[in-house]
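Examining the three-dimensional arrangement
One-letter residues, chain by chain:
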Amino acid sequence: MAIKVNQDILEERHTLLELQKSFIASHTLTKEQTQTLEDLAKKYDFFTRLKGKERIDRQISKLFERIDVIPPSILIAISAIETDWGKASFAINGNALYREISWNDKSGIIPEDEKEDASYSIKRFPSLYASMGSFARKINSNINYDSMKVLRQEMRYRKKIIDGQSLATTFILYSPKNNFIGLLDYTITFYKLTRLDNLQLQKKIPLPKNEKK
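Residues numbered from 1 in each chain as written. Predicted model: local features only at pLDDT ≥ 70, side-chain atom pairs only at ≥ 80, totals over all residues. Heavy atoms only, no water.

Turning to the nonpolar core, a few remarks are in order. Within soluble globular proteins, side chains that are nonpolar tend to cluster in buried spots. One finds L63, L75, I78, F171, Y174 and L184 to be the most contacted residues of the largest nonpolar core, which totals 44 residues. Of all the secondary structure elements, the ones that give two or more residues to this core are α1 (2–26), α2 (31–43), α3 (52–66), α4 (72–83), α6 (128–141), α7 (146–157) and α9 (180–190). Other than its neighbours up to four places away in sequence, Y174 contacts I78, E82, Y98, F135, K138, I139, Y145 and F180. Grouped together as the second largest cluster of nonpolar side chains are 8 residues, A88, I122, F125 and A130 included. (Core = buried A, V, L, I, M, F, W, Y, C linked by side-chain atoms within 4.5 Å. Buried < 20%, exposed > 50% of the residue type's maximum accessible area, 1.4 Å probe, protein only. Helix = DSSP H or I, 4+ residues; strand = E, 2+ residues; numbered from the N terminus. Contact = heavy atoms within 4.5 Å.)

For the rest of this paragraph, the subject is α3. In this model, α3 (15 residues) spans 21 Å end to end at C-alpha, consistent with the 21 Å of a helix rising 1.5 Å per residue. Along α3, the residues classified as buried are R55, I56, Q59, I60, K62, L63, F64 and R66. On its buried side, α3 packs onto α1, α2, α6 and α7. (Expected span 1.5 Å × (residues − 1).)

Attention now moves to the layout of surface pockets. Approximately 370 Å³ is the volume attributed to the largest pocket. As for the largest pocket, its lining consists of 15 residues, and the residues nearest its centre are V69, R156, I162, D197 and L199. Elements with a minimum of two residues in the lining of the largest pocket: α1 and α10 (194–197). Sorting elements by how many residues they give to the lining of the largest pocket places α1 first, with 3 residues. A breakdown of the residues in the lining of the largest pocket according to their chemical character gives 10 nonpolar, 2 polar and 3 charged. Size it by volume and the second largest pocket reaches roughly 300 Å³. (1 Å grid on protein atoms, 1.4 Å probe; cavity = no way out; pocket = protein on both sides within 12 Å on 5 of 7 lines; lining within 4 Å. Points joined across faces, edges and corners; volume = space filled by probe spheres on them. Nonpolar A, V, L, I, M, F, W, Y, C, P; charged D, E, K, R; others polar.)

Next up, the structure:
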């Protein structure tokens, strides 16, 4: 699933690259291309008040920072930590791998350890794959992880493998758990999860059985 999530992200990145090529060549985009760019900007939560060519240029530039891989080692290790290796009730009952919060959502799962505040819940997902994809989009969109994006962009520029161990320290704002970064680094290292980060994505990787977006 982690490889498939990244494949989807790289397909969007390729779409963005094609839009950039068209814009450089003609200094404009078609109506359909503009809508595609606007849809990506909305999906990755990027807003600008600029108009015309300046808007397009800004959107493409910022989306290249946001639409990029989240190493499989990160996706797997954090889900393991958050769900106690899949044993948490919200993972079993709601396909929630990352304790993503919903506010005033009656369909969500109230955390078992929450006794006072019932205004928030853990978001349910139709599949584990959907949960993992939502998490990757959250990390790529949220400004709290800009330091991760900067480091990732530098690694891509230097043609280095974008691996979870290198990015782990940038997730310091992700969890209130004590020594979360140490736990994340240990999980990635002990289970040798960076081996997954070295895998090249195939053109087509089918979803696991019964998994849907």
